[in-house]
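Letter by letter, the chains look like this.
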Amino acid sequence: MAKILQDTTKSGKQRPWRERKIENVKYADYLEMLHYRKARRVKECGEVLRFIADDEGRLKLAQTWFCKSRLCPLCNWRRAMKQSNQLMEILQVAVGREPKGRFIFLTLTEENASGTELKSRLREMTRAFNRLIKYKKVAKNLLGFVRSTEITVSANETYHQHMHVLLFVKSSYFASSANYLSQAEWTKLWQKARKLDYMPIVHVEAIKPNLKKGKNSLLASAQETAKYQVKSKDILTDNQERDLRVVEDLEQGLAGSRMLGFGGLLRDIRKELQLDADEENENLIDTSGDDEEIGDKVREVVAKWNFERQNYFV
């Protein structure tokens, strides 16, 4: 008799294969209603999972097929894990090369966009960020950066697009007022770069240089930067009519956009480590996380999705 897939982390937590696949199917159904040709391949995403198992029964994903659609909940879960783990690898190398370097976590916001405005506003935000990091007082202490764009959906169905930026700066940044930028200064510079006629909300905080857990640790900041660019709860609610409008807006608005970007030393290290830079060809099977490391392979486990019973069975 077929058994339900049991795939747990080192701490014993069940990996959310079932939850993400249920969301994936709902997303695929919406794409079909909206007449997107990719609907069928999205629905086939992660349908059959092939794992290798060790003698303790721990599993590591070895083979499956991912659709890589920008809004796919299954792909986004894998992508966020991979990006977080890769970013930590990059940061560890960066700290080794510049041990006196410091990290700053910056959140850049602007007014919400409508669905029709979203694509152009995202493009303008990226251009504005590229201007921001070239300003003299920013550039002179900047060693590198990673930035990601997140979009949340407001109650009135407008879109809150904002950037999370992890800046790696020289220790001299904190040495004097000639180098240090206050929150008010960051706000004025972002307003200037973004060419806004209002004062945007900008949040900035110094990050503890250790790689351990904690609210404002480097690990927490890396996870925040690498998290889902669009959360499933924002596109999959109990209101189908609303969800269809949101999915259509986001599919159009995100097409062709690059939501994660690197610069300076962090970009150089990413290239040296030969980490994925091409979203179309990225490998979502190996997320390079400690939680997926197992002992010697002893057998294979194949799990298939049952659409009627809404679960994976081995």
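For the structure, see preceding data.
Residues numbered from 1 in each chain as written. Predicted model: local features only at pLDDT ≥ 70, side-chain atom pairs only at ≥ 80, totals over all residues. Heavy atoms only, no water.

Trainee: Break down unusual backbone geometry for me, citing the residues and quoting the values.
Mentor: Residue K195 is not a glycine yet carries a positive backbone phi of 55°. The residue K195 is located in the loop between helix 6 (183-194) and strand 6 (202-207) in this model. Taking relative accessible area as the criterion, K195 reaches 66% and is therefore assigned exposed. Positive phi, close to 55°, is recorded for Q274, a residue that is not glycine. With respect to the element layout, Q274 can be found in the loop between helix 10 (264-272) and strand 8 (299-306). (Helix = DSSP H or I, 4+ residues; strand = E, 2+ residues; numbered from the N terminus. Buried < 20%, exposed > 50% of the residue type's maximum accessible area, 1.4 Å probe, protein only.)

Trainee: Please set out the sheet that holds strand 6 residue by residue, giving values where relevant.
Mentor: Read across the open sheet, the five strands follow the order 6-3-5-4-7; overall the sheet is antiparallel. Looking at the sheet topology across the chains shown, the edges are occupied by strand 6 and strand 7 (260-263). Put simply, the sheet's adjacent strands are angled 15° from each other on average, direction ignored. Where strand 4 (residues 142-153) lies against strand 5 (residues 159-169), eleven bridges are found, and the strand directions are antiparallel. Looking at the pairing, L142 lines up with V169 of strand 5. Sheet strands touched by helix 3 (residues 73-97): strand 3 (102-108), strand 4, strand 5 and strand 7. Its angle to strand 7, the strand with the most contacts, is close to 10°. (Pairing = 2+ DSSP bridges. Axes fitted to C-alpha atoms, helices over the stretch in contact; angles between N-to-C directions. Contact = heavy atoms within 4.5 Å.)

Trainee: Could you give an account of a positive patch on the surface, with specific residues and numbers?
Mentor: Taken together, K119, R123, R127, R131 and K195 make up a surface patch of like positive charges. Under the relative-accessibility criterion, R127 is labelled partly exposed at 48%. (Patch = residues over 30% accessible without salt bridge, like charges linked within 9 Å, V, L, I, M, F, W, Y side chains within 5 Å. Areas by Shrake-Rupley, 256 points an atom, 1.4 Å probe, with all protein chains shown as cover. Salt bridge = Lys/Arg side-chain N within 4 Å of Asp/Glu carboxyl O. Lys, Arg positive; Asp, Glu negative; His and termini not counted. Charge placed at Lys NZ, Arg CZ, Asp CG, Glu CD.)

Trainee: Describe in detail the packing of helix 1 (residues 17-33) against helix 9 (residues 240-254), supporting the description with residues and values.
Mentor: Running from N to C, helix 1 and helix 9 cross one another at 80°; their axes reach a closest spacing of 10 Å. Judged by the inter-axis angle, helix 1 sits roughly perpendicular to helix 9. Every residue of helix 9 that contacts helix 1 at K26, Y27, Y30, L31 and M33 is listed here: Q240, D243, L244, V247 and E251. Its residues assigned to classes, the contact of helix 1 with helix 9 shows six nonpolar, one polar and three charged. (Parallel < 35°, antiparallel > 145°, perpendicular 65-115°, else oblique. Nonpolar A, V, L, I, M, F, W, Y, C, P; charged D, E, K, R; others polar.)

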